[in-house]
Amino acid sequence: MEPATISSLLQNAVKNLQARSDTPSADGEILLAHALGKPRSYLRTWPERLATPEQQQKFAMLLARRLVGEPVAYLTGAREFWSLALKVTPATLIPRPETELLVEQALVRLAGIGLPRILDLGTGSGAIALALARHHVDSQITAVDLSIDALVVARQNGVDHGLTNVDFQLGHWFEPVAGRRFHMIVSNPPYVAEQDPHLNRGDLRFEPRLALSAGPDGLSALAYIAGNASAYLEPGGWLLMEHGYDQGAAVRQLMEAAGFVTVDQYVDLDGHVRLSAGRCPV
Ligand code: GLN
């Protein structure tokens, strides 16, 4: 293999990625930094350095996989969420920036509660549970997932960040917490409609269906959680759920029908209603 500099490797990669990715520069930089085992800033600091043949080979492999669509986060095994570097695998959804809205609104509501007990349903990589655990060290969080493979990743993320106030449980939604009550339930459940063409595009093709889609209208998990949550909440407890950009009205209806009062809705960075927060009667 011909010796090549960091800048030439990057330039070539970005050129190839242009036709296949919406974010060719970022993808190229993240993958090259990963192949070199260095932070991204290294690429700009040392553009003239030569990569070793092993590094070049590793980069070529990563690039080939990216060119057939594999998400960058699965190629590097990592994604940042709420300033936490999280491990992700194809068993977990890749944490999205819009989900930080849920964490933000959860923290606002937790501010007034002393030792909050929180339930995270469908925790995936543990993103929401761990972000809350980190910022609310007095909280006791139970994080549930139906996928054992996802829970292994979530547990590891907890260990990596030294967060001991999250208890990870395997099971179907409320099943592992029978008879318990929480001050808050949070969830980013699957909410994409089963026939939605987006499932066959971009990163979603590689993500677990279980974490993405739920029923013909995408509402079945949201309806199940909204319909059952009050039995697991303290009086005045909160339910916060992320949902699809066009599901705001339906989710409000589901929450109101289940007896939640003061349903507040929040808009994500793209201007879509993405989060609903309802309160149980006091
Ligand atoms: N926000 C994701 C998407 O549409 C879906 C995540 C989910 O179903 N919880 O790409």
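See above for the structure.
Residues numbered from 1 in each chain as written. Predicted model: local features only at pLDDT ≥ 70, side-chain atom pairs only at ≥ 80, totals over all residues. Heavy atoms only, no water.

**Considerations on the pattern of salt bridges**
Scanning the model with the defined rule gives 10 salt bridges in all. A salt bridge links R109 to D264; its shortest N-O distance comes to 3.1 Å. With R109 in helix α6 (residues 100-110) and D264 in strand β8 (residues 261-267), the pair connects residues that are 155 residues apart, well separated along the chain. Taking relative accessible area as the criterion, R109 reaches 11% and is therefore assigned buried. (Salt bridge = Lys/Arg side-chain N within 4 Å of Asp/Glu carboxyl O. Helix = DSSP H or I, 4+ residues; strand = E, 2+ residues; numbered from the N terminus. Buried < 20%, exposed > 50% of the residue type's maximum accessible area, 1.4 Å probe, protein only.)

**Some thoughts on the nonpolar core**
Of all hydrophobic cores here, the largest spans 31 residues; its most connected members are V103, L132, V166, M184, V186 and L240. Among the elements that line this core, the one with the most residues is helix α7 (residues 127-135), at seven residues. Residue contacts for V166: discarding those within four places in its chain leaves A129, L130, A133, I141 and A143. Grouped together as the second largest cluster of nonpolar side chains are 30 residues, F182, L222, A229 and L233 included. (Core = buried A, V, L, I, M, F, W, Y, C linked by side-chain atoms within 4.5 Å. Contact = heavy atoms within 4.5 Å.)

**Focus: the site of the ligand**
Neighbouring residues of the ligand: L93, R96, E98, N188, P189, P190, Y191, L204, A211 and L212. At 3.2 Å from an oxygen atom of the ligand is found a main-chain nitrogen or oxygen belonging to L212. Calculation on the ligand without its partners gives an accessible area of 300 Å², and the protein chains cover 86% of this total. The cavity where the ligand resides is the largest pocket. (Near = heavy atom within 4 Å. Polar contact = N/O pair within 3.5 Å; in protein donor to acceptor, adjacent residues only side chain to side chain. Areas by Shrake-Rupley, 256 points an atom, 1.4 Å probe, with all protein chains shown as cover. 1 Å grid on protein atoms, 1.4 Å probe; cavity = no way out; pocket = protein on both sides within 12 Å on 5 of 7 lines; lining within 4 Å. Sits in = over half its atoms within 2 Å of the grid points.)

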